[in-house]
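# Geometric and topological summary
Residues per chain, in single letters:
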Amino acid sequence: MKYYELKLTYPGIAEEERTGITIADLSDMGFESFQQDGNTLNSYIDEKNYKEYAAEIKEYIDHLAETVIDYELKELEDVDWNAVWESNFEPITVGDLCCVRAPFHPATKCRYEIVIMPKMSFGTGHHATTYLMIEKILEMNLEGKNGLDMGCGTGVLAILALKKGAEHTDAIDIDEWAYQNAIENADSNNVTGQISVFCGDAGLLQGKRYDFIFANINRNILLADMQAYADSLTPGGEILFSGFLEIDTESIRKRASECGLHPVEERKRDGWVLVRAVKS
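Each value, and the rule that gives it
- Along each chain, the written sequence defines residue order, and numbers are assigned to residues from 1.
- Only residues with pLDDT of at least 70 are given local features in this predicted model, and only at 80 or more are side-chain atom pairs given and counted; all residues enter the totals for whole chains, interfaces and linings.
- The basis for every side-chain value is the complete set of heavy atoms in the structure, and neither hydrogens nor water enter the calculation.
- Each pair of strands is called paired provided DSSP finds at least two bridges between the two strands.
- Helix and strand definitions follow DSSP, with helices as H or I runs of at least four residues and strands as E runs of at least two, each counted in order from the N terminus.
- Only the stretch in contact is used when fitting a helix axis, every axis being a line fitted to C-alpha atoms; angles between N-to-C directions are given from 0 to 180 degrees.
- Note on contacts: a residue pair is in contact if any heavy atoms of the two residues lie within 4.5 Å.
- Two cysteine sulfur atoms make up a disulfide if the distance between them is within 2.5 Å.
- Only protein chains enter the accessibility calculation, which uses a 1.4 Å probe. A residue is then buried if its area is under 20% of the maximum for its type, exposed if over 50%, and partly exposed in between.
- In a helix, the anticipated span is given by 1.5 Å times the number of residues less one.
- This arc is taken over the directions from the axis of the helix to the C-beta atoms.
- As used in this structure description, the phrase polar contact means that two N or O atoms lie within 3.5 Å; if the pair is within protein, one of them must be able to donate a hydrogen and the other to accept it, and residues adjacent in sequence are counted only when both atoms belong to side chains.
- Definition of nonpolar core: a set of buried residues of the types Ala, Val, Leu, Ile, Met, Phe, Trp, Tyr and Cys, connected through side-chain atoms within 4.5 Å.
- For every residue, the pLDDT score states the predictor's confidence, bounded by 0 at the bottom and 100 at the top.
- The salt bridge criterion pairs a side-chain nitrogen of Lys or Arg with a carboxyl oxygen of Asp or Glu, the two atoms within 4 Å.

## A word on the sheet that holds strand β10 (residues 195-199)
Sheet strands line up and pair through hydrogen bonds in the backbone, either parallel or antiparallel. Here we have 7 strands laid out as an open sheet, ordered β10-β9-β8-β11-β12-β14-β13, and mixed in their pairing. Since the sheet does not close on itself, it has two edges, and those belong to β10 and β13 (261-269), each with one partner. Averaged over all pairs of adjacent strands, the angle between strand axes in this sheet comes to 15°, irrespective of strand direction. Sheet analysis places strand β11 (residues 210-216) next to strand β12 (residues 233-245), joined by 6 bridges and oriented parallel. Its bridge partner lying in β12, Phe 214 is registered against Leu 240. Along the sheet, helix α5 (residues 156-163) makes contact with β8 (146-150), β9 (168-173), β10 and β11, crossing β9 at roughly 175°.

## Considerations on the state of the cysteines
Within this structure, the stated rule accounts for 0 disulfides. Unpaired in this structure, Cys 99 has its nearest cysteine sulfur neighbour in Cys 110, at a distance of 4.5 Å. Cys 199 supplies the cysteine sulfur nearest to Cys 152, a cysteine that is in no disulfide, at a spacing of 9.1 Å.

## A short note on the sheet that holds strand β6 (residues 98-101)
An order of β5-β6-β7 is seen for the 3 strands of this open sheet, with the pairing classed as mixed. In this open sheet, the two strands that pair with only one neighbour each are β5 (92-94) and β7 (112-115). Strand-to-strand twist across the sheet, computed as the mean angle between neighbouring axes with direction ignored, equals 20°. The sheet contact formed by β6 and β7 spans 4 bridges and is parallel. Bridging across to β7, Cys 98 finds its partner in Tyr 112. Sheet strands in contact with helix α4 (residues 128-137) are β5 and β6, and its direction is about 45° off that of β5. Along the sheet face, α5 touches β6 and β7 and points at about 145° away from the line of β7.

## Side note on α5
Given 3.6 residues to a turn, an α-helix orients residues that are three or four positions apart in the same direction. In terms of burial, α5 is largely enclosed, as 7 of its 8 residues are buried. Val 156, Leu 157, Ala 158, Ile 159, Leu 160, Ala 161 and Leu 162 are the residues of α5 that are buried. The positive-phi residue at the C-terminal boundary of α5 is Gly 165, with phi of around 110°.

## Comments concerning helix α6 (residues 176-188)
Taking 1.5 Å of rise per residue, the 13 residues of α6 would be expected to cover 18 Å, and the 19 Å separating its terminal C-alpha atoms lies within 8% of that figure. What α6 keeps buried is the set Ala 178, Asn 181, Ala 182, Asn 185 and Ala 186. Looking straight down α6, one finds its buried side chains confined to an arc of 140°; they lie on one side. The opening residue of α6 is Asp 175, an N-cap whose side-chain oxygen sits 2.9 Å from the backbone nitrogen of Ala 178. One or two positions beyond α6, positive phi appears at Asn 190, with a value near 60°.

## Re the nonpolar core
One broad trend across soluble globular proteins is that nonpolar side chains are buried collectively. Formed by 34 residues in total, the largest nonpolar core has its most connected members in Cys 98, Ile 134, Ile 137, Leu 142, Leu 160, Ile 195 and Phe 214. Listed by contribution, the elements that provide at least two residues to this core are β5, β6, β7, α4, α5, α6, β10 and β11. Beyond its immediate chain neighbours, meaning those up to four positions away, Ile 137 contacts Leu 142, Leu 157, Leu 160, Lys 164, Phe 214 and Leu 240. Formed by 23 residues, the second largest nonpolar core is a distinct cluster that contains Tyr 229, Phe 244, Ile 252 and Ala 277.

## Observations regarding the confidence of the model for the chain
For the chain, the average pLDDT comes to 87, and 88% of its residues sit at 70 or higher. Across the chain, the element-wise mean pLDDT spans from 56 in helix α3 (residues 81-87) up to 98 in β8.

## Describing the environment of Ser 251
In this structure, Ser 251 sits in helix α8 (residues 249-258). Residues Ser 251 and Leu 223 lie 28 residues apart in sequence; the distance between their C-alpha atoms is 8.0 Å. Those residues within four positions of Ser 251 in sequence are excluded, and the remaining contacts are Arg 219 and Leu 223. A polar contact of 2.7 Å, which involves the side chain of Ser 251, links it to the backbone oxygen of Asp 248.

## Digging into the pattern of salt bridges
This structure, assessed with the given rule, holds 17 salt bridges. The salt bridge involving Glu 246 is made with Lys 268; its shortest N-O contact spans 3.5 Å. Of the two residues, Glu 246 is situated in the loop between β12 and α8 and Lys 268 in strand β13; the sequence distance between them amounts to 22 residues. Glu 246 sits in the partly exposed class, given a relative accessible area of 39%. Salt-bridge contacts for Lys 254 lead to Glu 258; the nearest nitrogen and oxygen are separated by 2.7 Å. Residue Lys 254 and its partner Glu 258 are both found in helix α8; the two are separated by 4 residues, about one turn of the helix. Here Glu 258 falls in the partly exposed class, since its relative accessible area comes to 46%. Where salt bridges share partners, they join Glu 135, Lys 136, Glu 139, Glu 238, Glu 265, Arg 267 and Arg 276 into one cluster.

Right, dumping it as structure tokens:
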């Protein structure tokens, strides 16, 4: 698959809040992988998404160039980027209880070990929002409950919920690549019979009911689909929101309240936020 690289160069050391906003914006335009090195941020997008969002990308980077950032957008050689990406994938441990590793890493002694073949899907635990979600899920009592991992990426959150005693989880992602990857990862973690993976959006939630929902997506989708999440949550059920920056927290909390979801907890990591809410 052909990829394009967008290299943004900042005038000084790139601050996390500034790059975090840029990463969030570019994620909404189809960019799926990011690498920061000093005062540069490299972002990668496949050919299909690049063609779809080309006009928006040009407008966005032209705006950045008018302010403080130099940029370079170039087409990369057609190589096996999955292999390249996987070669740089390192296992992570969250709270000394959960380890997320790839099949080519040695087994660990973590209580909850999750084996993920990345395949360039979002959700390996390396990003602050996935880390926040895993950290909170480790504290939750999910025994015998049914849940949803919305925007599931690799499916890591749904898999962890099942390992913590959930009875069943649905996992939904709009990206075909993520959908196939989540199915593969469910099989690798021996939870295939307890998880249903779907390719689609919040339109699939009609008539569904869940005891808990994980929604690690982005600000715009969370705001747009909040009512669908609320309608699918059982009374007293919990929902975890992440995928947005500190500056967007108030809008997420406000929209949640409008939809009958009561925010009860907030956590932060590297400028990103998790909000836990309970349905009234």
